[in-house]
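This is what each chain is made of:
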Amino acid sequence: DVCSASDLWETAENHDFEGEYEFLSGIPAKGDPYRLEGYLFPDTYEFYKNDKPLNVINKMLNNFDVKYSDDIMEYAEATGYSMHEIITIASMVEREAVKETEQKTIAGVIVNRLKHSADFPFLNIDATVQYALPEHKAALTSEDLKIDSPYNTYIYKGLPKGPICNPGMGAILSAIQPEEHNYFYYVATGEEDG
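Residues numbered from 1 in each chain as written. Predicted model: local features only at pLDDT ≥ 70, side-chain atom pairs only at ≥ 80, totals over all residues. Heavy atoms only, no water.

## Section: the overall build of the protein chain
Line of reasoning, step 1. A tally of regular secondary structure across the protein chain gives seven helices and zero strands.
Line of reasoning, step 2. Listed N to C, the secondary structure of the protein chain is α-α-α-α-α-α-α in terms of helices and strands.
Line of reasoning, step 3. Taken against the 2.2 N^0.38 rule, which gives 16 Å for 194 residues, the C-alpha radius of gyration of the protein chain at 17 Å falls within 12% of a compact globule.
Line of reasoning, step 4. Structurally, the protein chain occupies a C-alpha span of about 50 × 40 × 35 Å along its principal axes.
Line of reasoning, step 5. Taken over 194 residues, the protein chain has a buried fraction of 40%.
Line of reasoning, step 6. In the protein chain, of all internal contacts separated by at least 6 residues, the share reaching a separation of at least 24 is 63%.
Line of reasoning, step 7. For the protein chain, the exposed surface amounts to about 11,000 Å²; the carbon and sulfur share of it is 49%. (Helix = DSSP H or I, 4+ residues; strand = E, 2+ residues; numbered from the N terminus. Rg over C-alpha atoms; globule rule 2.2 N^0.38 Å. Buried < 20%, exposed > 50% of the residue type's maximum accessible area, 1.4 Å probe, protein only. Contact = heavy atoms within 4.5 Å. Areas by Shrake-Rupley, 256 points an atom, 1.4 Å probe, with all protein chains shown as cover.)

Laid out in structure tokens, this is it:
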């Protein structure tokens, strides 16, 4: 084992990462074990056996810092969304897209709904409900869609409380430069057009 899961959660919840990483300035305060969600960049890592949880988390956060370059930051700022909002959008794209080729289209739908919130106040994204549930389900029920959670985009307007996963670079780039279209709905099938 690299380190125990309980030690990893405790460190994620209580260490002052905001003071060490400028990009974390908008995350919730200590006391939320999920506050680093979205910023632990998914990648292949090498760790020492019995490594300290702080070293493990810092390695992932450092990788995010490198990947989220100045160029990407400039594009993100041009969108008018905060970094936390971009990573939240990217996380929904990551979870909703079956194939990477769908990511820009899905990001475009999310942005269109946010821009037209008077007509589309709810994002209605199943992946946010899945995140709020205690365990993943193959299919959501009408009762699931009513779960009272700040992540449930069926009952809370706009973006959820924060990211619902740690998105990869494809999803982040899609959130920064979504496909421009007039779509307000999508069906992510993973099938190629043809």
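## Some words on the nonpolar core
Line of reasoning, step 1. One finds Leu24, Tyr39, Leu61, Phe64, Tyr68, Ile110 and Ile172 to be the most contacted residues of the largest nonpolar core, which totals 40 residues.
Line of reasoning, step 2. The greatest single-element share of this core, amounting to seven residues, is contributed by helix α4 (residues 83-96). (Core = buried A, V, L, I, M, F, W, Y, C linked by side-chain atoms within 4.5 Å.)

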